Amino acid sequence: MLNHPHGDLPRWREALAALPAPEESPRCDFNHPAPRFGSAVSDPQYLQEALIRLHPWRKGPLELGGVYVDSEWRSDWKWRRISPHIELAGERVLDIGCGNGYFGWRMLAQGARLVVGVDPTLVFVMQWLACKHFCRSAPNYVLPLGIEDLPPGPAGFDTVFSMGVLYHRRDPLEHLQQLRGLLREGGRLVLETLVLPETHSGEVLVPEGRYARMRNVWAVPATDRLEQWLVEAGFRDIQQLDVTPTSPEEQRSTEWMRFESLSEALDAENPGKTLEGYPAPARAVMVCRA
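Structure report, in brief. (Residues numbered from 1 in each chain as written. Predicted model: local features only at pLDDT ≥ 70, side-chain atom pairs only at ≥ 80, totals over all residues. Heavy atoms only, no water.)

## Observations regarding the side chain of Glu-250
Looking at the element boundaries, Glu-250 is found in the loop between β12 (236–245) and β13 (282–289). The exposure class assigned to Glu-250 is buried, which follows from its relative accessible area of 3%. Setting aside residues no more than four positions away along its own chain, Glu-250 makes contact with Glu-72, Trp-73, Arg-74, Trp-77, Lys-78 and Arg-81. (Helix = DSSP H or I, 4+ residues; strand = E, 2+ residues; numbered from the N terminus. Buried < 20%, exposed > 50% of the residue type's maximum accessible area, 1.4 Å probe, protein only. Contact = heavy atoms within 4.5 Å.)

## Considering the sheet that holds strand β9 (residues 183–195)
Ordered by their spatial adjacency, 7 strands build an open sheet running β7-β6-β5-β8-β9-β13-β12, and the pairing between neighbours is mixed. What marks the edges here is a single partner per strand, and that holds for β7 (140–143) and β12. Direction aside, the axes of adjacent strands within the sheet are offset by 15° on average. Pairing of strand β6 (residues 114–118) with β7 involves 4 bridges; the strand directions are parallel. Bridging from a neighbouring strand, Val-118 pairs with Leu-143 of β7. Where helix α6 (residues 172–181) meets the sheet, its contacts fall on β5 (92–96), β8 (157–163) and β9, and the angle it forms with β9 comes to roughly 145°. (Pairing = 2+ DSSP bridges. Axes fitted to C-alpha atoms, helices over the stretch in contact; angles between N-to-C directions.)

## Considerations on unusual backbone geometry
The linkage connecting His-55 with the following residue, Pro-56, adopts the cis geometry, with an omega of 5°. In this structure, Pro-61 follows Gly-60 across a cis peptide bond, with omega equal to 10°. Look at Ala-212: it is not a glycine, yet its phi comes out positive at around 50°. For Ala-212, the location among the structural elements is in the loop between β10 (204–205) and β11 (220–221).

## Points about the nonpolar core
Formed by 50 residues in total, the largest nonpolar core has its most connected members in Phe-37, Leu-51, Leu-62, Leu-64, Trp-105, Met-107 and Phe-161. Looking at this core, the element that brings in the most residues is helix α5 (residues 122–134), giving 9 residues. Dropping the residues within four chain positions of it, Leu-62 is found in contact with Ala-34, Pro-35, Phe-37, Trp-57, Val-67, Tyr-68, Val-69, Asn-100, Tyr-102, Trp-105 and Cys-131. In this structure, Ile-96, Leu-176, Ala-219 and Leu-230 belong to the second largest nonpolar core, which totals 27 residues. (Core = buried A, V, L, I, M, F, W, Y, C linked by side-chain atoms within 4.5 Å.)

## A word on the side chain of His-175
Topologically, His-175 is positioned in helix α6. Polar contacts involving the side chain of His-175 include one to the side chain of Ser-162, which spans 3.0 Å. (Polar contact = N/O pair within 3.5 Å; in protein donor to acceptor, adjacent residues only side chain to side chain.)

## Some details on the pairing of β5
β5 sits mainly inside the fold: 4 of its 5 residues count as buried. What joins β5 to β6 is helix α4 (residues 102–109), and the crossover it makes is right-handed. Where β5 lies against β8, 4 bridges are found, and the strand directions are parallel. For Val-93, the partnering residue across the bridge sits in β8 and is Thr-159. (Right-handed = clockwise from strand over helix to strand, strands pointing away.)

## Structural notes on the packing of aromatic side chains
The geometry of an aromatic ring pair comes down to the distance between the two centres and the angle between the two planes. According to the stated counting rule, one finds 8 aromatic pairs in the structure shown. Seen from their ring centres, Phe-30 and Phe-37 are 5.5 Å apart, and the 45° between their planes marks the pair as tilted. Each of the two residues, Phe-30 as well as Phe-37, counts as buried. Clustering of aromatic rings is evident, with ring pairs tying together Trp-79, Tyr-102, Phe-103 and Phe-161. (Phe/Tyr/Trp six-rings, centres within 6.5 Å; stacked < 30°, edge-to-face > 60°.)

## Observations regarding the pattern of salt bridges
Side chains that carry opposite charge are capable of pairing whenever their charged atoms lie near each other. Scanning the entire structure with this criterion turns up 15 salt bridges. Arg-81 is paired through a salt bridge with Glu-250; the nearest N and O atoms lie 2.8 Å apart. Of the two residues, Arg-81 sits in helix α3 (residues 75–82) while Glu-250 sits in the loop between β12 and β13, which places them 169 residues apart along the sequence. Note that Arg-184 is salt-bridged to Asp-158, the shortest N-O span being 2.7 Å. (Salt bridge = Lys/Arg side-chain N within 4 Å of Asp/Glu carboxyl O.)

## Observations concerning the environment of Pro-154
Looking at the element boundaries, Pro-154 is found in the loop between β7 and β8. For Pro-154 and Arg-180, which are 26 residues apart along the polypeptide, the C-alpha to C-alpha distance reads 8.2 Å. Setting aside its immediate chain neighbours within four residues, Pro-154 contacts Gly-181 and Leu-183.

## Details of helix α2 (residues 44–52)
Among all positions of α2, only Leu-47, Gln-48, Ala-50, Leu-51 and Ile-52 are buried. Elements in contact with the buried residues of α2: α1 (9–17), β3 (62–64), β4 (67–69) and α5.

## Thoughts on the layout of surface pockets
Considering only enclosed or pocket space, the largest pocket measures out at about 1,300 Å³ in volume. Forming the boundary of the largest pocket are 41 residues, of which Arg-58, Gly-164, Tyr-167, His-168 and Met-214 lie nearest the centre. Of the residues in the lining of the largest pocket, the class split is 17 nonpolar, 12 polar and 12 charged. If you add up the space inside the second largest pocket, you get close to 180 Å³. Forming the boundary of the second largest pocket are 13 residues, of which Leu-196, Pro-197, Glu-198, Val-243 and Ala-282 lie nearest the centre. Among the residues making up the lining of the second largest pocket, the classes are represented as 6 nonpolar, 5 polar and 2 charged. (1 Å grid on protein atoms, 1.4 Å probe; cavity = no way out; pocket = protein on both sides within 12 Å on 5 of 7 lines; lining within 4 Å. Points joined across faces, edges and corners; volume = space filled by probe spheres on them. Nonpolar A, V, L, I, M, F, W, Y, C, P; charged D, E, K, R; others polar.)

Below, the structure written as structure tokens:
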């Protein structure tokens, strides 16, 4: 990664180098909506300026050295929908498309003994390094890889998470089969993805062009079609844990993510539709076994 050709890498490395020296025995609390890393620093404004240089912060919130990172996504809301339904004590967990590793910290708080996350977006890996700077020993790791960079299974993970990834894959069934191959026999998949409203039973939306201003959305299924895909990929004991429309309160622009967000992707006259006229984003959480 040190020789990565990304043009912003020198700036990101400078931001990491500017972080204050870590404590010898940092106090970290991951069982919190905004996982806490270390004690409050003496100059929070200086730390905030260093961390903002790692913009955009998509997943969070987080609290680093007493500085609150108000990310685009209220990822704690998503975790609150999932965590009551799963037990991770002692498990080895893989998080596909993990971003900056936010959910990995929450998984550790729920008892996971190892979390490995993969995400090819380099700035998110840099954000994870900023978190690790304040809490080096925690077994939550983020690798600058995509799922296609992982060797074919079985990899033997107890639980694999794929959240916000499936609709970005040209072949969703292939993605689900890859996920199954990364699990031990009987292992668990936690899948979170865009879905259509109940009124669209049996359908799959294949957007022409963009969906909610996103370029790479290839397929948005109704939940019953999603269950069919899971069965075809070799999963069983399929449970639908939650379906929730995404609101502009859950995904929004902040000081830490200054680009346009969900509000700008919805029809101003009818927020139940995207700008393109498709059903507004809703997300389902499915749990199943390999």
